[in-house]
Amino acid sequence: MKIIVNGAMGRMGQHVCRIAGEAGADLIMVDRIGGEGVYTALGDYTGEADVVIDFTSHASAGELAEFCAGRGIPLVAATTGYTPEELALLEQAAEKVAVFQSFNMSVGVALLVRLVKQASAIFGGCDVEIIETHHNRKADAPSGTAIMLANAVKEERPDSEFVYGRSGQHKRQPNEVGIHAIRRGNVVGEHEVIFGTDYQTITLKHQAHDRALFAEGALTAANFIVNQAPGFYHMDDLLGS
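All values reported here derive from a predicted model rather than from experimental measurement.

Draft legend 1. Summary view of the overall build of the protein. When helices and strands are counted, the protein shows 7 helices and 12 strands. Against the 2.2 N^0.38 benchmark of 18 Å for 241 residues, the protein shows a C-alpha radius of gyration of 19 Å, consistent with a compact globule. Counting only C-alpha atoms and orienting by the principal axes, one finds that the protein spans roughly 60 × 40 × 30 Å. Relative to its 241 residues, the protein shows a buried fraction of 47%. Within the protein, contacts between residues separated by at least 24 positions form 66% of all contacts whose residues are at least 6 apart in sequence. In the structure as shown, the protein presents an accessible area of about 11800 Å², 49% of it carried by carbon and sulfur atoms. Counting 19 positive and 30 negative side-chain charges, the protein places the averaged centre of each group 6 Å from the other.

As structure tokens, this is what we get:
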């Protein structure tokens, strides 16, 4: 498979290149900082490719959408922090090519989302709190994964109201979903969802030990969408396959 790795010189891009290279993939490396054999912009590459894997920034959504839709190349949008407007650009591109988007490329996190939905349905009246922890260099808070988990709760409890942190003097409302962000050290990523009643607590937690797991997940997604029709795909589609 011929893969364009956008953001190839970044931390995650390097993991993708290493794992894909070990698997025998043909790599086209793109990164704005350049380097030997590295294109500085997507548009500089005019050859063929099977898929684009992007680990740059949510701000590149427009460039990615235009490039992939214009060239007919499927896209794995593996970064986080997309605004609703930026996601809309990817959805427009998905009318012409297969686009896979997830705020977390871990298959384990995808399983966590499913378990959160199940717990939310069974324990409908409980209090729900979400705590996410990441390294001190992460720019967006709360994480896209935390929002994804909160949305999983809301699917089963439509009256849920998201509360980002707490301050002041007021009681917790029954329909609140608390979302809390912690930034410290070099933590790869931890997401914990706590379901509490007056008599018991259930905690669902995922810990990422190495950033390579996100690269591995992105490559799994790439192998999935190269055979898909145009459309907007997520982890549920991958797990269902």
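We are not done yet, so read on.
Draft legend 2. Summary view of the packing of helix α2 (residues 61-71) against helix α3 (residues 84-93). Following both chains from N to C, one finds α2 and α3 inclined at 5 degrees, their axes separated by 9 Å at the closest point. For the element pair α2 / α3, the angle class is roughly parallel. Taking contact as the criterion, the partners of A61, G62, A65 and A69 in α2 are, on α3, E86, L89, L90 and A93. Classifying every residue of the contact of α2 with α3 gives 6 nonpolar, 1 polar and 1 charged.

Draft legend 3. Structural detail: the packing of aromatic side chains. Evaluated as defined, the whole model comprises 3 aromatic pairs. Between the aromatic rings of Y39 and Y45, the centroid separation amounts to 5.5 Å while the plane-to-plane angle is 70 degrees, which identifies the pairing as edge-to-face. A ring pair is formed by F224 and Y233, whose centres lie 5.8 Å apart and whose planes are at 90 degrees; its orientation type is edge-to-face. Take F224 and Y233: they sit in the same class, and that class is buried. Put simply, the rings of F100, F224 and Y233 touch in pairs and so form one group of aromatic residues. Over the ring of F162 we find K154, and its NZ or CZ is 5.8 Å from the ring centre.

Draft legend 4. Expanded view of the layout of surface pockets. Considering only enclosed or pocket space, the largest pocket measures out at about 1000 Å³ in volume. Considering the residues around the largest pocket, the lining is formed by 40 residues, among which M12, F55, T56, T79 and T80 are closest to the centre. Listing elements by their share of the lining of the largest pocket, those giving two or more residues are α1 (11-22) and α5 (144-156). Top contributing element to the lining of the largest pocket by residue count: α1, with 3 residues. For the lining of the largest pocket, the residue count by class is 13 nonpolar, 19 polar and 8 charged. At the level of elements, α3, α4 (107-122), α5 and α7 (235-240) are the ones that each hand at least two residues to the lining of the second largest pocket. The element contributing the most residues to the lining of the second largest pocket is α5, with 4 residues.

Draft legend 5. Molecular detail of the side chain of H206. Relative to the helices and strands, H206 resides in strand β11 (residues 201-208). At 3.4 Å, the side chain of H206 and the side chain of S106 are in polar contact. Dropping the residues within four chain positions of it, H206 is found in contact with S106, G108, V109, L112, G189, E190 and H191.

Draft legend 6. Quick look at the pattern of salt bridges. If you walk through the whole model with that rule in mind, you get 11 salt bridges. Note that E155 is salt-bridged to K117, the shortest N-O span being 3.3 Å. Placement of E155 in helix α5 and of K117 in helix α4 is noted, with a sequence separation of 38 residues between them. Where salt bridges share partners, they join D127, E129, R166, R172 and E176 into one cluster.

Draft legend 7. Representation of the sheet that holds strand β2 (residues 26-30). Reading across from one edge, β3-β2-β1-β4-β5-β6-β12 is the order of the 7 strands in this open sheet, with parallel pairing throughout. With one partner strand each, in any of the chains shown, β3 (38-39) and β12 (231-233) form the two edges of the open sheet. By the bridge criterion, 3 bridges tie strand β6 (residues 98-101) to β12 in an arrangement that is parallel. Looking at the pairing, F100 lines up with Y233 of β12.

Calculation criteria
- Residues numbered from 1 in each chain as written.
- Predicted model: local features only at pLDDT ≥ 70, side-chain atom pairs only at ≥ 80, totals over all residues.
- Heavy atoms only, no water.
- Helix = DSSP H or I, 4+ residues; strand = E, 2+ residues; numbered from the N terminus.
- Rg over C-alpha atoms; globule rule 2.2 N^0.38 Å.
- Buried < 20%, exposed > 50% of the residue type's maximum accessible area, 1.4 Å probe, protein only.
- Contact = heavy atoms within 4.5 Å.
- Areas by Shrake-Rupley, 256 points an atom, 1.4 Å probe, with all protein chains shown as cover.
- Lys, Arg positive; Asp, Glu negative; His and termini not counted.
- Charge placed at Lys NZ, Arg CZ, Asp CG, Glu CD.
- Axes fitted to C-alpha atoms, helices over the stretch in contact; angles between N-to-C directions.
- Parallel < 35°, antiparallel > 145°, perpendicular 65-115°, else oblique.
- Nonpolar A, V, L, I, M, F, W, Y, C, P; charged D, E, K, R; others polar.
- Phe/Tyr/Trp six-rings, centres within 6.5 Å; stacked < 30°, edge-to-face > 60°.
- Lys NZ or Arg CZ within 6 Å of the ring centre and 35° of its normal.
- 1 Å grid on protein atoms, 1.4 Å probe; cavity = no way out; pocket = protein on both sides within 12 Å on 5 of 7 lines; lining within 4 Å.
- Points joined across faces, edges and corners; volume = space filled by probe spheres on them.
- Polar contact = N/O pair within 3.5 Å; in protein donor to acceptor, adjacent residues only side chain to side chain.
- Salt bridge = Lys/Arg side-chain N within 4 Å of Asp/Glu carboxyl O.
- Pairing = 2+ DSSP bridges.

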